[in-house]
Amino acid sequence: MTAFRKPPHSIGDSTLLRIGASLVRPDPAGCPLGRALRARALVKAPGRLPAKPVEDFSFKPFFALLDAVEHAGRSLVEAAADPANFRRCTPVHVAWASEAARHYLTARTEQEAARGAANQSPLLPVAPAWVAGSKKLAQPDARGVTQYERTVWGRGYASQDGRVREIWIPSLGTVKRDRPAVEIAAVAHVLLTGTPSLTPFGAPSTPLPGPHVRPERIRVIGVGLADGRTETLADWTAEETEQRYLRAEVAASMADLADATEARPSADCVRCVGLPDCVALPRVPGLLGVAATPRKRRSLSVSDLRAYGNCAEQYHATRVLKLRDGHTESAAIRRGRAVDAWLNGRHADPARGSCRAVPLPEHLPGLTADEQYEALAMLHQHRAHCPFDGLADHETVEPQRRIVAYDPQADVVLVADCDLVHSDRGGVVVRETKTTTSTYHAGGLMRQYPQLALAVLLVEGGVLGGDALRSRIELEVLRPDGARLEELDPHDSRTVDRARALLRELVADWAADRGYQAAPSSGTDCRACDVHGWCATGRERTKTVDGAA
């Protein structure tokens with residue numbers, strides 16, 4: 001345990017340590033130091049809060065609707081008619097939040113009816129947050145902390161006598177069933193020991209005056225907003241809650257979080273106040289070819305650009321808000337995922353060697369008979385182009401490597417998930433593998449697959465290390481009846497110039513957009529969109545297209 005040092009460019013007070021229960025959830029891909037900074041709730045970047053022209057927190061309007069119903073006594077119809085509950089929200093966000101609130105409130109009504117039928121006392125909404133361990137220390141401890149707080153996120157309920165406390169944790173889609181034991185134990189213990197408190201933004205919490213009854217029963221409920229289905233994650237006595245807290249070693253996990261010093265580039269870099277001082281995050285000034293605008297820092301991937309090219313509102317809803325209606329995936333997506341999964345597992349094997357000498361599986365999970373035939377045929381075609389033919393054993397191999405870099409001129413964090421990155425005689429090789437049943441298309445490879453352009457610039461910019469003269473970008477295209485392997489040279493100035501021009505072209509409109517209006521590009525099938533059910537523009541367009549057919 002050592003005193004925490006704020007990043008030089010940050011301001012604020014580091015004497016408050018506020019650990020939300022979700023922060024103790026293991027995250028191997030996250031940044032330990034970034035998570036430690038998030039727990040210092042009063043440490044922030046200098047200046048005014050950056051502009052946020054469109055709401056980017058999925059649950060914001062959903063919580064506003066529930067607050068109006070559960071704490072202000074309004075009906076959901078009244079709350080949904082109030083534009084104040086949807087400030088800066090796109091139409092899709094509004095429609096989703098209204099539907100999610102209806103599913104949630106229906107589930108709450110059904111649960112309370114069941115409690116009544118079982119002669120159990122009702123659970124009433126609780127507005128103040130439960131905060132545990134908020135007593136102020138007389139002097140800073142070895143960490144430099146004078147106040148520790150443990151918090152939870154969700155919707156709180158309690159019996160009128162205070163003997164039962166319950167929290168509902170919503171998920172955007174179906175119920176999240178894989179929450180680790182340490183997180184559930186952390187949540188339950190805050191409910192058991194926490195005091196109703198005011199938690200103003202940018203200040204320590206303030207316990208409300210008592211007396212406060214120690215609960216005898218703790219319940220943690222997961223709820224999926226796609227359908228309103230629930231699952232009980234914890235239903236424990238006070239004694240069992242204490243035992244689970246100790247057994248899950250929650251306190252040790254929180255100590256590890258608080259004392260972390262390792263910086264690891266990840267998607268979380270986009271919201272980290274320590275980014276300006278971080279030496280672990282590669283910087284490539286001018287990578288995107290656009291200037292920063294006075295708004296909140298954003299992240300960007302090629303998948304984001306692809307979605308934005310289809311429709312700006314589709315991008316915002318699916319890539320920023322992470323909304324999905326759960327419609328059935330296409331055969332192409334299922335097949336591609338199955339092929340990728342087998343290749344990733346095979347290429348990650350320490351005793352790898354060429355796939356040419358490895359027996360192919362008899363079947364791949366989750367595919368129909370036709371999809372099985374196509375997928376296995378693609379794996380057969382891969383054998384002729386396996387990257388490990390002749391690759392020395394000492395070379396490093398990283399399937400599904402996530403590359404994170406920062407363009408300070410655009411104030412954008414770039415995230416690239418590469419199918420395979422490996423070293424080769426001092427150089428670095430980035431390979432993208434694509435599966436298709438269509439014929440080969442003529443034209444520029446980088447325009448058809450923009451991730452190649454990004455990979456060229458990342459290697460050329462030194463983000464992946466290695467000798468650029470010995471490095472290359474590869475595209476492997478697998479079809480049931482054939483395959484091809486293309487190469488791009490990140491040291492070739494013409495290739496780099498084309499990649500730079502293409503990326504600048506693709507990014508320009510995205511960088512300037514401040515409204516994300518629904519405007520599907522020609523050729524986009526709105527019926528295949530993940531948010532079609534919440535998009536009035538898409539439904540109207542589908543109706544028009546179907547009527548003209």
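Residues numbered from 1 in each chain as written. Predicted model: local features only at pLDDT ≥ 70, side-chain atom pairs only at ≥ 80, totals over all residues. Heavy atoms only, no water.

A. Structural view of the overall build of the protein. What the protein contains, in helices and strands, is 15 helices and 18 strands. Here the C-alpha radius of gyration of the protein, 26 Å, is about what a compact globule of 549 residues would show, namely 24 Å. Looking at the protein as a whole, 46% of its 549 residues are labelled buried. Long-range pairs, those at least 24 residues apart, make up 70% of the contacts in the protein between residues at least 6 apart in sequence. When the accessible surface of the protein is totalled, it reaches about 26,500 Å², and 53% of it is carbon and sulfur. Averaged over its 70 positive side-chain charges, the protein has a centre that lies 4 Å from the centre of its 67 negative ones. (Helix = DSSP H or I, 4+ residues; strand = E, 2+ residues; numbered from the N terminus. Rg over C-alpha atoms; globule rule 2.2 N^0.38 Å. Buried < 20%, exposed > 50% of the residue type's maximum accessible area, 1.4 Å probe, protein only. Contact = heavy atoms within 4.5 Å. Areas by Shrake-Rupley, 256 points an atom, 1.4 Å probe, with all protein chains shown as cover. Lys, Arg positive; Asp, Glu negative; His and termini not counted. Charge placed at Lys NZ, Arg CZ, Asp CG, Glu CD.)

B. How the structure looks around the packing of aromatic side chains. Evaluation of the coordinates by the stated rule reveals 13 aromatic pairs. Relative to Trp-168, the ring of Tyr-157 has its centre 6.3 Å away and its plane inclined at 70 degrees; by these criteria the two rings are edge-to-face. One end of the pair, Tyr-157, is in strand S7 (residues 155-159); the other, Trp-168, is in strand S8 (residues 164-171), with 11 residues separating them in the sequence. For Tyr-157, a relative accessible area of 0% gives the class buried. Judged by its relative accessible area of 0%, Trp-168 is buried. Between the aromatic rings of Tyr-308 and Tyr-315, the centroid separation amounts to 5.9 Å while the plane-to-plane angle is 80 degrees, which identifies the pairing as edge-to-face. The exposure class assigned to Tyr-315 is buried, which follows from its relative accessible area of 3%. Taken together through their ring pairs, the aromatic side chains of Phe-57, Phe-59, Phe-62, Phe-63, Trp-96, Tyr-104, Trp-153, Tyr-157 and Trp-168 make up a single cluster. If you follow Arg-108 out to its NZ or CZ, it ends over the ring of Tyr-157, 3.7 Å from the centre. (Phe/Tyr/Trp six-rings, centres within 6.5 Å; stacked < 30°, edge-to-face > 60°. Lys NZ or Arg CZ within 6 Å of the ring centre and 35° of its normal.)

C. Representation of the side chain of Glu-55. Tracing the backbone through its elements, the reader meets Glu-55 in the loop between strand S3 (43-44) and helix H2 (60-70). A distance of 3.4 Å separates polar atoms of two side chains, one belonging to Glu-55 and the other to Lys-52. Excluding its chain neighbours within four sequence positions, the residues that come into contact with Glu-55 are Lys-60, Arg-87, Arg-88, Cys-89, His-93, His-316 and Leu-321. (Polar contact = N/O pair within 3.5 Å; in protein donor to acceptor, adjacent residues only side chain to side chain.)

D. View of the sheet that holds S8. The five strands lie next to each other as S4-S7-S8-S11-S12, forming an open sheet whose pairing is mixed. Looking at the sheet topology across the chains shown, the edges are occupied by strand S4 (123-126) and strand S12 (230-237). Each strand axis lies, on average, 25 degrees off the axis of its neighbour in the sheet, ignoring direction. The pairing of S7 with S8 spans four bridges and is antiparallel. (Pairing = 2+ DSSP bridges. Axes fitted to C-alpha atoms, helices over the stretch in contact; angles between N-to-C directions.)

E. Quick look at the nonpolar core. Grouped together as the largest cluster of nonpolar side chains are 47 residues, with contacts concentrated most on Leu-288, Leu-458, Leu-464, Val-507 and Trp-510. The contacts of Leu-288, once residues within four sequence positions are left out, are Leu-300, Asp-407, Ala-410, Val-412, Leu-414, Leu-503, Arg-504 and Val-507. Counting 33 residues, the second-largest nonpolar core is a separate cluster that includes Ala-39, Ile-167, Leu-192 and Ala-238. (Core = buried A, V, L, I, M, F, W, Y, C linked by side-chain atoms within 4.5 Å.)

F. Quick look at unusual backbone geometry. Geometrically, the link from Gly-210 to Pro-211 is a cis peptide bond, its omega value of 5 degrees lying close to zero. Tracing the chain through its elements places Pro-211 in the loop between strand S10 (206-207) and strand S11 (217-224). In this model, Arg-88 sits at a positive phi of 60 degrees, which is unusual for a non-glycine residue. Residue placement: Arg-88 occurs in the loop between helix H3 (76-80) and helix H4 (91-117). Despite not being glycine, Asn-119 shows a phi value in the positive range, around 60 degrees. Considering the arrangement of structural elements, one finds Asn-119 in the loop between H4 and S4.

G. Representation of the sheet that holds strand S5 (residues 129-132) within the structure. On the basis of which strands lie adjacent, the open sheet formed by five strands has the order S2-S6-S5-S9-S10 and mixed pairing. Taken across any chain shown, the strands that pair with only one partner, and hence form the sheet edges, are strand S2 (16-20) and S10. Summarising the sheet, S5 and strand S9 (residues 195-198) pair through three bridges and their orientation is antiparallel. Residue pairing across strands places Val-131 opposite Thr-195, the latter belonging to S9.

H. Highlighting the packing of H2 against H4. Direction vectors running N to C along H2 and H4 enclose 45 degrees, while the axes themselves pass 8 Å from each other. It follows that H2 is oblique to H4 by the angle criterion. The crossing of H2 and H4 is right-handed. Two secondary-structure elements touch here, H2 through Pro-61, Phe-62, Leu-65, Leu-66, Val-69 and Glu-70 and H4 through His-93, Trp-96, Ala-97, Ser-98, Ala-100, Ala-101, Tyr-104, Leu-105 and Arg-108. A per-class count over the contact of H2 with H4 returns 11 nonpolar, two polar and two charged. (Parallel < 35°, antiparallel > 145°, perpendicular 65-115°, else oblique. Left-handed = near helix turned anticlockwise from the far one by under 90°. Nonpolar A, V, L, I, M, F, W, Y, C, P; charged D, E, K, R; others polar.)

I. Quick look at the environment of Arg-514. Here Arg-514 lies in the loop between helix H14 (493-512) and helix H15 (536-548). Along the backbone, Arg-514 and Cys-418 are 96 residues apart, and their C-alpha atoms lie at a distance of 29 Å. If we ignore the near neighbours within four places in the chain, the residues touching Arg-514 are Pro-53, Val-54 and Arg-295.

J. Geometry of the packing of helix H10 (residues 331-347) against helix H11 (residues 369-382). Between H10 and H11, the shortest axis-to-axis distance is 10 Å and the interhelical angle comes to 40 degrees. With respect to H11, the element H10 is oriented oblique. As for the relative orientation of H10 and H11, their crossing is right-handed in sense. In contact with Ala-331, Arg-334, Arg-335, Val-339, Trp-342, Leu-343 and His-347 of H10, H11 contributes Glu-371, Glu-374, Ala-375, Met-378, Leu-379 and His-382. Its residues assigned to classes, the contact of H10 with H11 comprises seven nonpolar, two polar and four charged.

None of this, on its own, says anything about what the molecule does.
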